[in-house]
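Structural overview for review
Each chain, written out:
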Amino acid sequence: MKVSALQQNRYGYKPKLPRILSEKLETIAATGSGATKSVADQEELKALFSNTYGKPVVTFTKGKNPGVKKQLRVGVILSGGQAPGGHNVIAGLYDGIKKGNPDSKLFGFLGGPSGLIEASYAEIKDKRIDEYRNTGGFDIIGSGRTKIETDEQIAASINTAKKMKLDAIVIIGGDDSNTNAALLAEHFLNAGLKTQVIGVPKTIDGDLKNNMIETSFGFDTATKTYAELIGNIERDANSAKKYWHFIKLMGRSASHIALECALQTQPNICLISEEIEAKKMTLRQITDGICSVIAARAENNENFGVILIPEGLVEFVPEMKVLIAELNDLMAVKAEEFNALEDFAAQSRWLHANLSRASAETFATLPEEIAKQFLMDRDPHGNVQVSRIETEKLLISLVSSKLKEMAKAGKYKGKFSSYNHFFGYEGRCAFPSNFDADYCYSLGFTAFMLIASGFTGYLSSVRNLTAPAKEWIAGGVPLTMMMNMEQRHGSKKPVIKKALVELDGKPFKAFAKNRETWAVKTSYLYPGAIQYAGPDEVCNQPTQTLILEKGKSGTGAGRKPAAAKPAAAAASAAAGKKNVTKRVKRAGK
Ligand code: FBP
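Residues numbered from 1 in each chain as written. Predicted model: local features only at pLDDT ≥ 70, side-chain atom pairs only at ≥ 80, totals over all residues. Heavy atoms only, no water.

**Observations regarding the sheet that holds strand S11 (residues 305-310)**
In space, the four strands of this open sheet follow the order S10-S11-S9-S12, with parallel pairing throughout. A single partner strand is all that each edge strand has here, and the edge strands are strand S10 (269-270) and strand S12 (418-423). The sheet contact formed by strand S9 (residues 244-249) and S12 spans six bridges and is parallel. Within the sheet, the bridge partner assigned to Leu249 lies in S12 and is Phe423. Lying over the sheet, helix H8 (residues 219-240) contacts S9, S11 and S12, oriented at roughly 175° with respect to S9. In the packing of helix H11 (residues 283-299) onto the sheet, the strands contacted are S9, S10 and S11, and the crossing angle to S9 comes to about 145°. (Pairing = 2+ DSSP bridges. Helix = DSSP H or I, 4+ residues; strand = E, 2+ residues; numbered from the N terminus. Contact = heavy atoms within 4.5 Å. Axes fitted to C-alpha atoms, helices over the stretch in contact; angles between N-to-C directions.)

And the structure:
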């Protein structure tokens, strides 16, 4: 197989492990005590997960683990959207399994969870794993979004696990996939099956995190990839000085990606969906906010800029949220009737009759091209596919109409030319950064340790991530600890709670403190491409989100968080711009 020079070079990278995991396996033991409880709805979850609920959080420390050399048969599944580092999770798991016992076997289920249901799998051996070490993508076995939830799917999974005599299954996935992992662990025990189930926290979206899971893997590489692209666009904008770039960034729901990219690149505007929802901002208010920044920059003769837009935005704007919820419900029960309508005009009439009056009006205000995107097929969870709604184009259209009105009223004298971009797929399969390569390998190795130590219904956890890798803490968190009950498809279901951007959290505060300055004064940062070799400050820095949340900074000169500026300098910069910023009603207000 012909590979690029970088890929060849990355094969040689030795991922770093927490110190404890480099010890002799039989001297690494899981310690933990004290019952845990779910984030909410304790009684309901306790009843639903009678076997796995309330287990302790465990940490690996020096001790005795005599069973660790047992011969094992383990299956692994990559589930959901790609995230850089998935191959290294499998590599860490593989190396752990083989270190425990060279006769142990690892099987990869093909194409995601459906591989388990359909018993479609392949054994992973040395040659195969070596071709994928430290590479991006999920192509070693493929991924998929099938949910394992119906009685038939669960029965088929039990059947496969039995037939393959599996000791364990590792599910590498996001919140939904790990909810599935928790359910499978419980069902397997109910069926008297020995197969353990361990989850691994994956998603570029960064929304699978809590006290015990500091970040999901892939967020680091994906945001650095997008930040590189945004920085390049900022530099282009600042060179040509003639375009406004509207950049939508992936992140199904939470705005962590947009926020992290803003901290890395200091754009003129970054919308944060969670803030927009908290302030109940309408689309009109968001548009007005953007236009006032554009107008203020035009007064300085700066008819260019960069605006970051989180992918999930539309679901957080109150009137759109109601519209989407009504559409999802309608599509769930009347899809056949709707699909039989012959064209968009007929669909619009049908919607007018079936939606609430307010939602029908909101729908009618959307440009036709965008309106059609709200009607596309739902995802397997019955949700609208936000990555396919071109919010960036919607905002351009609203902003340009508003600017024309402002120009007529003499309130805007600039020139508005725009470009739209969507960065998502560009970052999901990038070569993992050193951080993700190390983190993922450690998560995979930890998953093996959890299996070898007899745990089921746990999520592999590696913490203390802003410290050097050898100081990381490896362990496991019971999946039920992260769950609550939520309304899904008309009934209450157990799910892992998504972590949205916290408006009183340090990353958001660091952004909010600086954004008025960034709005008007061109303050771009150009992070450049991910580096794999070189000084620590350019190639071994975690994300700003992690640094700010964990309170311990690395040395990253090139990627210093804005909040790290000396307070006095920031204050004087703001004071110098006072007369200009006063005129700016920022997008987030
Ligand atoms: P996961 O939550 O499965 O990791 O996927 C996240 C994501 O990349 C979102 O950011 C995006 O909305 C979605 O996947 C796109 O889905 P698809 O890969 O099916 O196009």
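**A word on the layout of surface pockets**
Reported here for the second largest pocket is a volume of approximately 650 Å³. Taken together, 27 residues form the lining of the second largest pocket, with Lys209, Asn210, Asn211, Ala499 and Glu502 sitting closest to its centre. Of all elements in the fold, only helix H9 (256-265), helix H19 (506-520) and helix H21 (544-550) reach the threshold of two or more residues within the lining of the second largest pocket. Split by residue class, the lining of the second largest pocket holds 14 nonpolar, five polar and eight charged. (1 Å grid on protein atoms, 1.4 Å probe; cavity = no way out; pocket = protein on both sides within 12 Å on 5 of 7 lines; lining within 4 Å. Points joined across faces, edges and corners; volume = space filled by probe spheres on them. Nonpolar A, V, L, I, M, F, W, Y, C, P; charged D, E, K, R; others polar.)

**Some remarks on the nonpolar core**
Among the nonpolar cores identified, the biggest contains 81 residues, and Ile90, Val170, Tyr226 and Leu249 are the most heavily contacted of them. Of the residues forming this core, the biggest block, twelve residues, is contributed by helix H18 (residues 434-452). Membership of the second largest hydrophobic core comes to 50 residues, among which are Phe338, Leu355, Phe363 and Ile396. (Core = buried A, V, L, I, M, F, W, Y, C linked by side-chain atoms within 4.5 Å. Buried < 20%, exposed > 50% of the residue type's maximum accessible area, 1.4 Å probe, protein only.)

**Notes on the site of the ligand**
Among the 13 residues in the neighbourhood of the ligand, the closest are listed as Gly81, Arg145, Asp205, Glu311 and Tyr425. One of the side-chain N or O atoms of Arg145 is found 2.8 Å from an oxygen atom in the ligand. One of the side-chain N or O atoms of Tyr425 is found 2.5 Å from an oxygen atom in the ligand. In the complex, the protein chains occlude 81% of the 480 Å² of accessible area that the ligand would expose alone. (Near = heavy atom within 4 Å. Polar contact = N/O pair within 3.5 Å; in protein donor to acceptor, adjacent residues only side chain to side chain. Areas by Shrake-Rupley, 256 points an atom, 1.4 Å probe, with all protein chains shown as cover.)

**Considering unusual backbone geometry**
Backbone geometry at Asn134 places phi at a positive 60°, although glycine is not the residue there. Relative to the assigned elements, Asn134 resides in the loop between helix H5 (126-130) and strand S6 (143-144). Despite not being glycine, Asn301 has its phi angle at roughly 65°, a positive value. Locating Asn301 in the fold gives a position in the loop between H11 and S11.

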